[in-house]
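Breakdown of the fold
So you can see what is in the structure, the chains are spelled out below.
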Amino acid sequence: MASHVTRQIFRHGKSVPSYLIAIMLGLLLVDSAIAGNVTLFVAPGGNDAWSGQPADANAERTDGPLASLTGARDAVRRLRAMAGGSLGAVVVRVRGGTYRLDEPLLLEPCDSGTAEAPVVFEAHGSERPIFSGGQVITGFRQNGPLWETVVADAESGDWYFRQLFVATGPDAGQRRQRARSPNDGYHRIAQLLPGPPDAHGKAIARDKFAFAAGELEPWARLGDVNLVLMHSWETSIHPLKSVDVDASIVEFAAPLKEWWCLGYWEKDQRYYVENARELLDQPGEWYLNRETGLLSYWPMPGETLGGSKVVAPRLTELVRFAGDADQQQFVEHVTLRGLAFHHADWELDAKGNSSTQAAVEVPAVVVADGARHCVVEACEVAHVGTYGIWFRRGCKDCRIQRNRLFDLGAGGVRVGEATMAPTDETESSRILVDNNHIHHGGRVYPAGIGIWVAQSSHNRISHNDVHDMLYSGISIGWNWNDAKNRTHHNIIEQNHVHHLVHGVLSDAGLIYCLGVSPGSVIRGNVFHDIWPYAKPPFGWGIYLDATCGSYRVENNLVYNTNSGGLMFNNGGHEHVIRNNIFALSATHALWPYSEQRPSTFRRNIVYLTQGELLIPYGERSLSDRLAAKQPLGDWDDNTYWHTGGPDRLRFYRRDFSEWQSLGLDRNSQIADPRFVDASKRDFRLKADSPALKRGFEPLDISRVGLYGDAAWVAEVNHSQCRTIPLPSPPEPPKPLEVDDDFESSPVGSHPGGANVSGEEQGASIVVSDECAASGTHSLKITDSKTLEPAWQPHFFYEPRIKKGTVRQSFDVWLGPKVEFFTEWRDTAVYPRNVGPSVRFAADGKLHVGGQTVCTIPTERWVHVEIDARLGKDSPGTFRLTVAVANETPTVFDNLAMSGEQFTELHWLGFSSTAKEDAAFFVDNLRIRTVSDQ
């Protein structure tokens with residue numbers, strides 16, 4: 001009956017009140033909903049007061065499609081209310097075009113569907129609807145090389161944006177750079193400044209530093225200027241408080257809040273500044289004056305005032321699934337399909353933005369809490385300032401599938417939370433992240449991850465293609481220790497992750513994992529090309545960090561990495577690593593760890609054309625297990641090859657037979673695996689490959705990465721990847737010999753070539769002219785009774801001398817209450833790595849191995865020499881010679897070295913251990929190789 005009445009009304013629609021039309025439309029749709037499914041349409045030019053049932057407006061324009069997703073959502077809510085809560089399946093078909101969002105689409109528990117009757121918001125056919133959180137800016141006028149316009153809402157203080165996109169065609173535009181200095185590359189901190197000690201005792205200011213003259217200025221509107229610091233694997237963004245050009249000191253609005261201090265990885269830390277009008281000096285840059293609303297843009301070549309569209313974002317979030325797992329309220333069975341979400345901004349805290357890792361504090365533009373059986377499929381997220389999609393808390397059995405995410409301020413997809421959920425109900429789990437193309441991220445927060453999963457279990461990450469991010473591609477975990485966590489039973493398979501970091505950040509992985517993760521598998525992936533910044537120069541293929549445990553890593557192809565194909569150091573344990581190819585690393589192939597709970601390394605192929613097989617840091621854990629007579633792990637049936645020849649393969653300092661004598665790799669081989677063409681990155685095995693005889697199962701990478709229709713797969717695939725030659729490996733450090741009488745060093749400077757530490761609370765290590773054994777300068781070491789730990793301050797050299805007899809000689813002048821030691825060390829674990837060690841007590845007594853060997857006078861110059869032979873044939877003893885001026889030298893032979901594993905000299909230092917304020921002087925310090933004795 002309602003349908004018949006409604007049709008009659010529509011015949012005479014012009015004479016019927018609009019409120020009656022709305023009622024009748026609702027009745028018509030309720031009739032339809034009760035009878036079956038509901039289909040609504042959304043289109044540009046639609047009207048949220050219409051029914052949404054017709055795909056096009058009628059001639060009288062009394063009915064037609066809705067105008068927005070929010071209008072469609074509200075229409076469904078009305079239908080559900082009128083139908084008493086029972087509806088069939090609801091499909092909202094969205095016509096192509098661009099829709100400007102005034103607010104995010106908010107989907108609440110009342111918007112849920114059911115398994116039998118889901119709610120779907122989808123593109124109509126092959127049309128392309130774009131939902132933009134931005135606004136087109138008009139009214140530009142030419143002013144010299146610039147386009148300028150006053151943005152009224154910015155002038156009134158109602159709108160301030162941090163991104164700008166410019167398009168010359170039908171696309172959504174390209175990101176443009178806020179006015180920046182330097183235009184390319186980075187400035188460098190000129191000098192760190194003193195400040196309160198941080199958690200590691202480093203007394204370095206966290207809110208200021210000294211800059212090189214001319215790099216910073218007290219620009220107008222200084223509070224709007226952002227200084228971006230590069231911190232190895234992260235960045236931080238700092239509003240400025242002041243710039244003192246006379247003192248060359250810049251001060252932030254608030255201190256850096258992370259655990260590291262400024263200059264933690266390198267004293268001349270990288271930084272850049274942006275968003276000062278005075279820095280607007282090249283095409284592609286822009287600046288918005290927050291006070292006047294004046295937007296200034298320097299157009300790129302080819303852009304014209306009449307032919308370019310300028311868009312700035314107004315929103316920071318575009319879609320929210322707003323369930324609440326803590327309150328048992330869920331959004332269920334809702335799908336977004338074929339929709340594009342563009343133009344969303346990022347926000348800056350008044351104290352600055354930073355994260356410990358992975359831009360973890362950055363939100364997303366499509367975010368879900370308490371979502372169940374929800375789907376984001378075949379959508380696009382682009383031109384945003386944060387992460388793309390985040391299924392955050394209490395989400396289960398959801399799919400993120402076949403989406404395209406690019407031009408991202410941070411990363412692509414997030415699942416779970418950094419903090420462990422208190423209950424199974426509030427944990428996000430069983431999420432499928434599949435067949436997504438994620439690329440070109442980190443445009444605001446370089447540490448953004450392609451796919452990030454934390455404190456979340458039973459997820460499948462498969463067939464994604466992730467590339468051109470500036471940090472890690474996939475990150476799984478979020479525990480840096482063995483503590484209980486919720487990251488387990490995750491499957492990471494058939495992904496193609498490649499071409500990452502590009503020298504911007506460091507200590508990254510093509511896949512990076514944390515925490516103990518039983519049941520988790522990394523299999524059948526292709527990981528290649530990761531090129532980090534130089535300090536630290538770490539870019540790994542498969543990176544199992546920080547006591548990571550219980551991963552099964554199998555059938556992966558990993559190649560073209562800077563520091564190696566595999567890393568499971570820092571307590572890595574109980575991994576099963578088998579049937580992988582680790583090829584073509586620039587410096588080292590593997591960084592293993594020998595834990596008390598050993599790992600398995602079987603049937604792998606490790607192929608080098610340069611660099612070393614094992615990074616030296618891993619030898620310490622091996623030495624620990626040997627000393628404790630504990631298992632070293634199950635290594636066997638592997639194939640190792642270096643194209644430079646078998647002699648280029650060293651297992652730490654051991655040759656292959658010595659390695660095998662430890663019980664490792666007894667059935668493994670050094671042999672060319674016979675790839676089809678490794679130079680062209682074709683790692684198929686020829687039929688006569690010796691690896692096959694060791695049980696290696698050939699890898700099939702044909703199914704890796706994107707799948708589906710030809711156009712989708714053609715966006716990126718393995719065959720299209722550009723071949724990047726390995727960078728030349730760094731020259732091995734040359735042995736260092738020291739001959740320093742300190743005469744050429746200015747008073748107050750540090751000893752040349754030495755590393756100095758512990759200059760706090762009055763302690764110092766500086767060149768002095770107070771006294772000298774010869775000439776006028778010597779090195780003064782001043783200790784403080786309040787300084788901790790006891791071995792501070794200290795300084796050391798890195799001689800890197802591996803063989804021959806080495807002599808250390810110096811003159812020393814002891815003041816009252818002085819205590820210090822001088823010591824040689826290898827790279828093994830302390831104290832087993834200690835060679836010659838001589839302690840100078842406050843009473844002038846010299847101790848070796850806890851025994852007094854002689855007494856020397858205080859406040860007089862004394863000459864000391866220490867001689868020892870290095871190498872595997874070292875006798876494990878050294879000679880000490882002590883000579884007081886005008887007296888016959890005393891020689892002590894065959895003194896025992898402290899550590900049984902000392903064979904090479906990699907560290908030689910002086911450490912003050914005084915319990916009172918004290919000082920001593922060192923002069924004529926020499927470290928050199930002498931003829932064997």
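This text gives an overview of the structure that appears in the document. (Residues numbered from 1 in each chain as written. Predicted model: local features only at pLDDT ≥ 70, side-chain atom pairs only at ≥ 80, totals over all residues. Heavy atoms only, no water.)

A closer look at the overall build of the protein
Going by this rule: Counting from the N terminus, the helices are DSSP H or I runs at least four residues long and the strands are E runs at least two residues long. Throughout this description, buried means an accessible area under 20% of the type-specific maximum (1.4 Å probe, protein chains only), exposed means over 50%, and partly exposed covers the range between. Contacts: residue pairs with any heavy atoms within 4.5 Å of one another. Every accessible area reported is derived by Shrake-Rupley at a probe size of 1.4 Å, with residue values counting cover from the shown protein chains alone.
Scanning the protein for helices and strands turns up eight helices and 75 strands. For the protein, with 933 residues in total, the buried portion stands at 59%. Look at the contacts in the protein between residues 6 or more apart in sequence, and 75% of them connect residues 24 or more apart. With the model as given, the accessible surface of the protein reaches about 36400 Å², and the carbon-plus-sulfur share is 49%.

Observations concerning the sheet that holds strand β40 (residues 474-476)
What counts is decided by this rule: Strands are labelled as partners when DSSP assigns at least two bridges between them. Axis definition: a line fitted to C-alpha atoms, over the contacting stretch in the case of helices. Angles run 0 to 180 degrees between N-to-C directions.
One open sheet accounts for 12 strands, arranged β4-β22-β27-β31-β34-β37-β40-β43-β46-β49-β52-β55; its pairing is parallel. This sheet does not close on itself; its edge strands, each paired only once, are β4 (105-107) and β55 (612-614). Sheet twist, expressed as the average angle between the axes of neighbouring strands with direction ignored, equals 10°. Of the strand pairs in this sheet, strand β27 (residues 364-369) and strand β31 (residues 387-393) are connected by five bridges, and their pairing is parallel. Among the inter-strand pairings, Asp 369 is bridged to a residue of β31, identified as Arg 393.

Digging into the pairing of strand β46 (residues 539-544)
The buried fraction of β46 is high, at six of six residues. Across five bridges, strand β43 (residues 508-513) lies against β46 in parallel orientation. The partner of Gly 509 across the bridge, within β46, is Trp 540. Where β46 lies against strand β49 (residues 564-567), three bridges are found, and the strand directions are parallel. Bridging from a neighbouring strand, Trp 540 pairs with Gly 564 of β49.

Remarks on helix α3 (residues 69-82)
Our working definition: Multiply 1.5 Å by the residue count of a helix minus one, and that product is the helix's expected span.
A rise of 1.5 Å per residue sets the reference length of α3, with its 14 residues, at 20 Å; its end C-alpha atoms lie 20 Å apart and thus fit the reference within 8%. Phi turns positive one or two residues past the end of α3, at Gly 84, with a value near 75°.

Description of the packing of aromatic side chains
To keep it simple, the criterion reads: Two rings from Phe, Tyr or Trp (for Trp, the six-membered ring) form a pair when their centres are within 6.5 Å of each other. A pair whose planes differ by under 30 degrees is stacked, one over 60 is edge-to-face, and the rest are tilted. Charge-over-ring contacts are defined here by two conditions on Lys NZ or Arg CZ: a distance within 6 Å of the ring centre and an angle within 35 degrees of the ring normal.
A full pass over the atoms with the stated rule returns 46 aromatic pairs. With a centroid separation of 4.7 Å and 15° between ring planes, the pair formed by Tyr 99 and Phe 131 is classed as stacked. Separated by 32 residues along the polypeptide, Tyr 99 in strand β3 (residues 97-100) and Phe 131 in strand β6 (residues 129-132) bring together distant segments of the chain. Like Phe 131, Tyr 99 is buried. A centroid spacing of 6.1 Å and a plane angle of 80° characterise the contact between Phe 795 and Tyr 797, whose relative ring orientation is edge-to-face. Across the pair, Tyr 797 and Phe 795 agree in class, each one buried. Above the face of the Tyr 533 ring, Arg 270 is positioned so that its terminal group lies 3.5 Å from the ring centre.

Concerning the environment of Ala 55
Here Ala 55 shows up in the loop between β1 (38-42) and α3. According to the relative accessible area criterion, Ala 55 is partly exposed, its value standing at 22%. Here the alpha-carbon distance between Ala 55 and Leu 40, two residues 15 residues apart in the chain, equals 7.8 Å.

With respect to helix α5 (residues 619-628)
Turning to α5, its buried residues are Glu 619, Ser 621, Leu 622, Ser 623 and Arg 625. On its buried face, α5 sits against α6 (656-660). Downstream of α5 by a residue or two, Lys 629 has a phi angle that is positive, lying close to 55°.

Digging into the pattern of salt bridges
Applicable threshold: One speaks of a salt bridge when a side-chain nitrogen belonging to Lys or Arg is within 4 Å of a carboxyl oxygen belonging to Asp or Glu.
Tallying each qualifying case throughout the model produces 64 salt bridges. Between Asp 468 and Arg 722 there is a salt bridge, with the nearest N and O atoms lying 3.9 Å from each other. With Asp 468 in the loop between β39 (465-467) and β40 and Arg 722 in the loop between α8 (710-713) and β61 (738-740), this residue pair connects regions lying 254 residues apart in the sequence. Look at Arg 722 and you get partly exposed, because its relative accessible area is 46%. Note that Glu 770 is salt-bridged to Lys 780, the shortest N-O span being 2.9 Å. Pair noted here: Glu 770 is in the loop between β63 (764-768) and β64 (778-783) and Lys 780 is in strand β64, with a separation of 10 residues, a long-range link. Taken together, the shared-partner salt bridges in this structure form one network comprising Arg 73, Asp 74, Arg 77, Glu 108 and Asp 111.

What about the pairing of strand β20 (residues 294-297)?
Relative to β20, strand β9 (residues 146-150) runs antiparallel, the two being bridged by four bridges. In the sheet register, Trp 147 faces β20, and the bridge partner there is Tyr 297. The sheet contact formed by strand β19 (residues 285-288) and β20 spans three bridges and is antiparallel. Counted as the bridge partner of Trp 286 is Tyr 297 from β20. Taken together, β19 and the strand that follows it, β20, pair antiparallel across an intervening segment of five residues, in which Gly 293 is found at a positive phi of about 75°.

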